[in-house]
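Letter by letter, the chains look like this.
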Amino acid sequence: MTIVISMFMAAIEMTIISTAMPSIVGEMGGFTTASNMFMRLLGSSVGAALLGGILNFRFKRFVLSSDNPLGNAVSINSINQVLDSSKTYQIPARELHVIQYGLTIALHSVYWGVLVLAVITMLGTLFLPL
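Reference entry: report on the structure contained in this document. (Residues numbered from 1 in each chain as written. Predicted model: local features only at pLDDT ≥ 70, side-chain atom pairs only at ≥ 80, totals over all residues. Heavy atoms only, no water.)

For the rest of this paragraph, the subject is the overall build of the chain. Within the chain one finds five helices and zero strands. Secondary structure elements of the chain, listed N to C terminal, follow the sequence α-α-α-α-α. Taken over the C-alpha trace, the chain has a radius of gyration of 21 Å; the compact-globule value for 130 residues is 14 Å, which it surpasses by more than 25%. Dimensions of the chain along its principal axes, counting C-alpha atoms only, are 65 × 30 × 20 Å. Relative to its 130 residues, the chain shows a buried fraction of 19%. In the chain, the share of contacts with a sequence separation of at least 24, taken over all contacts with a separation of at least 6, comes to 49%. Here the chain has roughly 9,700 Å² of accessible surface; of this, 72% comes from carbon and sulfur atoms. (Helix = DSSP H or I, 4+ residues; strand = E, 2+ residues; numbered from the N terminus. Rg over C-alpha atoms; globule rule 2.2 N^0.38 Å. Buried < 20%, exposed > 50% of the residue type's maximum accessible area, 1.4 Å probe, protein only. Contact = heavy atoms within 4.5 Å. Areas by Shrake-Rupley, 256 points an atom, 1.4 Å probe, with all protein chains shown as cover.)

Here we come to helix 2 (residues 29–64). With 36 residues, helix 2 should reach 52 Å at 1.5 Å per residue; the first-to-last C-alpha distance of 52 Å fits that figure. All of the buried residues in helix 2 are Gly 29, Thr 32, Gly 47, Leu 51, Phe 59, Phe 62 and Val 63. (Expected span 1.5 Å × (residues − 1).)

Under the defined criterion, the tally for this structure stands at two aromatic pairs. With 6.2 Å between their ring centres and 40° between their planes, Phe 59 and Phe 62 make a pair best called tilted. Separated by three residues within a single helix, Phe 59 and Phe 62 lie in helix 2, roughly one turn from each other. Judged on exposure class, the residue Phe 59 and its partner Phe 62 are both buried. An angle of 70° between the planes, with centres 5.7 Å apart, marks the rings of Phe 62 and Tyr 101 as edge-to-face. Of this pair, Phe 62 sits in helix 2 while Tyr 101 is found in helix 5 (residues 93–126), placing the two residues 39 residues apart along the sequence. Among the aromatic side chains, those forming a connected cluster through ring pairs are Phe 59, Phe 62 and Tyr 101. (Phe/Tyr/Trp six-rings, centres within 6.5 Å; stacked < 30°, edge-to-face > 60°.)

Next up on the list: the side chain of Glu 95. Its place among the elements puts Glu 95 in helix 5. One buried charged residue, Glu 95, remains without a salt bridge, the closest side chain of opposite sign being Arg 94 at 9.1 Å. (Lys, Arg positive; Asp, Glu negative; His and termini not counted. Salt bridge = Lys/Arg side-chain N within 4 Å of Asp/Glu carboxyl O.)

Running from N to C, helix 2 and helix 5 cross one another at 140°; their axes reach a closest spacing of 8 Å. Taken together, the axes of helix 2 and helix 5 are oblique relative to one another. The two elements helix 2 and helix 5 meet at a crossing, and its hand is right-handed. Looking at the contact of helix 2 with helix 5, its residues break down into 16 nonpolar, three polar and one charged. (Axes fitted to C-alpha atoms, helices over the stretch in contact; angles between N-to-C directions. Parallel < 35°, antiparallel > 145°, perpendicular 65-115°, else oblique. Left-handed = near helix turned anticlockwise from the far one by under 90°. Nonpolar A, V, L, I, M, F, W, Y, C, P; charged D, E, K, R; others polar.)

On to the nonpolar core. Within the largest apolar cluster, twelve residues are counted, these being Phe 59, Phe 62, Val 63, Val 74, Ile 79, Val 82, Ile 91, Leu 96, Val 98, Ile 99, Leu 103 and Ala 106. Here this core gets five residues from one element, more than from any other, and that element is helix 5. Apart from the residues within four sequence positions on either side, Phe 62 is in contact with Asp 67, Asn 68, Val 98, Tyr 101, Gly 102 and Ile 105. (Core = buried A, V, L, I, M, F, W, Y, C linked by side-chain atoms within 4.5 Å.)

So, in structure tokens, the structure goes:
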């Protein structure tokens, strides 16, 4: 699935650059491509940090909330245990279920964050000059 998404994004990137080039004066073409690539890298770095922060914040809130029936048995470090396939079988089933539930809640917040960023981006493109 990752390969398909990567190929699709590469095709979109080339379309964006190809679309921008005719409206640029010849000597500014390299600057346009470099600016586009820089903003893409910057956006993915900041986006990953922001959305990762949302995930950690929401999972920590779940761990400290009354929705966590196991209390101190589940912590922020429980995510690392779940992600390490060699340690997953060591986690009791009830604890694993609670961790997965907390991650589901946290990921739901991340998806809302992605939706908000998409709407902001879409509205921002409306103000770009033609």
